[in-house]
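# Inside the fold
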Amino acid sequence: MWDGEAAWAALPVVLEGFGVTLVATVLGFGVAALLGLALALVGRAGPRWVAAPVNGAAAFVRSTPLLVQLFAAWVLVPGLDALALGVLVLGVHYATYLSEVYRTGIDAVPKGQWEACTALSLPRRRVWRAVVLPQAVRNVLPPLGNYAVSMFKETPLLSVITVHEMVHSASTFGSTHFAYLESFTLAAAVFLLASWPTSVLVRRLEARLAH
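About the criteria used
Residues numbered from 1 in each chain as written. Predicted model: local features only at pLDDT ≥ 70, side-chain atom pairs only at ≥ 80, totals over all residues. Heavy atoms only, no water. Core = buried A, V, L, I, M, F, W, Y, C linked by side-chain atoms within 4.5 Å. Buried < 20%, exposed > 50% of the residue type's maximum accessible area, 1.4 Å probe, protein only. Helix = DSSP H or I, 4+ residues; strand = E, 2+ residues; numbered from the N terminus. Contact = heavy atoms within 4.5 Å. Salt bridge = Lys/Arg side-chain N within 4 Å of Asp/Glu carboxyl O. Phe/Tyr/Trp six-rings, centres within 6.5 Å; stacked < 30°, edge-to-face > 60°. Arc of directions from axis to C-beta. Axes fitted to C-alpha atoms, helices over the stretch in contact; angles between N-to-C directions. Parallel < 35°, antiparallel > 145°, perpendicular 65-115°, else oblique. Left-handed = near helix turned anticlockwise from the far one by under 90°. Nonpolar A, V, L, I, M, F, W, Y, C, P; charged D, E, K, R; others polar.

### Some points on the nonpolar core
Formed by 26 residues in total, the largest nonpolar core has its most connected members in F29, Y102 and L144. If you list the elements that add at least two residues to this core, you get helix 1 (4–45), helix 3 (66–76), helix 4 (82–107) and helix 6 (124–154). Among the elements that make up this core, the one with the highest residue count is helix 4 (ten residues). Beyond its immediate sequence surroundings of up to four residues, Y102 is in contact with A33, G36, L37, A40, V137, V140 and L144. Counting 14 residues, the second-largest nonpolar core is a separate cluster that includes A10, A187, V190 and F191.

### Focus on the pattern of salt bridges
For the structure shown, the criterion picks out two salt bridges. A salt bridge links E100 to R103; the nearest nitrogen and oxygen atoms lie 3.6 Å apart. Of this pair, E100 and R103 both sit in helix 4, three residues apart, which is roughly one turn of the helix. In this structure E100 comes out as partly exposed when scored by relative accessible area, which is 32%. The class of R103 is buried, set by a relative accessible area of 18%. Salt bridges sharing partners connect three or more residues here, namely R62, E100 and R103.

### Here we look at the packing of aromatic side chains
Within this structure, the stated rule accounts for six aromatic pairs. Each ring, one from F18 and one from F152, has its centre 6.3 Å from the other, and the planes form 90°; the classification is edge-to-face. Residue F18 is found in helix 1, and its partner F152 is found in helix 6; the two are separated by 134 residues along the sequence. Aromatic rings pair up to connect F18, F152 and F191 into one cluster.

### Comments concerning helix 3
Taken as a whole, helix 3 has its buried residues at L66, Q69, L70 and A73. Buried residues of helix 3, viewed axially, fall in a sector of 100°; they line one side. Those residues of helix 3 hidden inside the fold are in contact with helix 2 (48–62), helix 4 and helix 6.

### Considering the packing of helix 2 against helix 4
In the contact formed by helix 2 and helix 4, the axes pass within 9 Å of each other and the chain directions differ by 120°. In terms of orientation, helix 2 lies oblique with respect to helix 4. When the axes of helix 2 and helix 4 are compared, the crossing they make is left-handed. Listed contacts from helix 4 to N55, A58, V61 and R62 of helix 2 are V92, H93, T96, Y97, S99, E100 and R103. Partitioned by chemical class, the residues of the contact of helix 2 with helix 4 number four nonpolar, four polar and three charged.

Listed below in structure tokens is the structure:
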């Protein structure tokens, strides 16, 4: 049976965990966005002797579960703060996916843009910074938003390395107060209230950019 008093007592604990979840998502996605762009540029414009091992490492990360990567990082880097380690693992894991998203956006830049830059003899760095990347990033904003939502929903995995994110906090409260139903229901409601509006905004952005 639902216990209103237990739910009210669990709410501050769940919201505190939500703060950790939000921090992990924002920082992790920041790492993923920057590192993913770097991986895409190396794979697209870097020398083959650099691009080949980088692409191979990215493929390896994409092919292994995030949970396994978290455990491996926890064992290999025992002295690092759990939240910082979780942010780095999330960032690296999702960077390998975002690199493919960026690469698709770069390939979508019209060939005429490249030819015009060549005809104007623009420096290579300026071509990427002023012409290619602004168009590529605009093209991939909706997929980036979708991956941000996915990362947010995968943050509960950080509990395996003792990060007190929202689901971990709900579980701890449930075990100490025998109120799993209330604490997990609140956690699920917060996830829904946070991710659903974001998903709607991403869909609207995608529709607007399609025109």
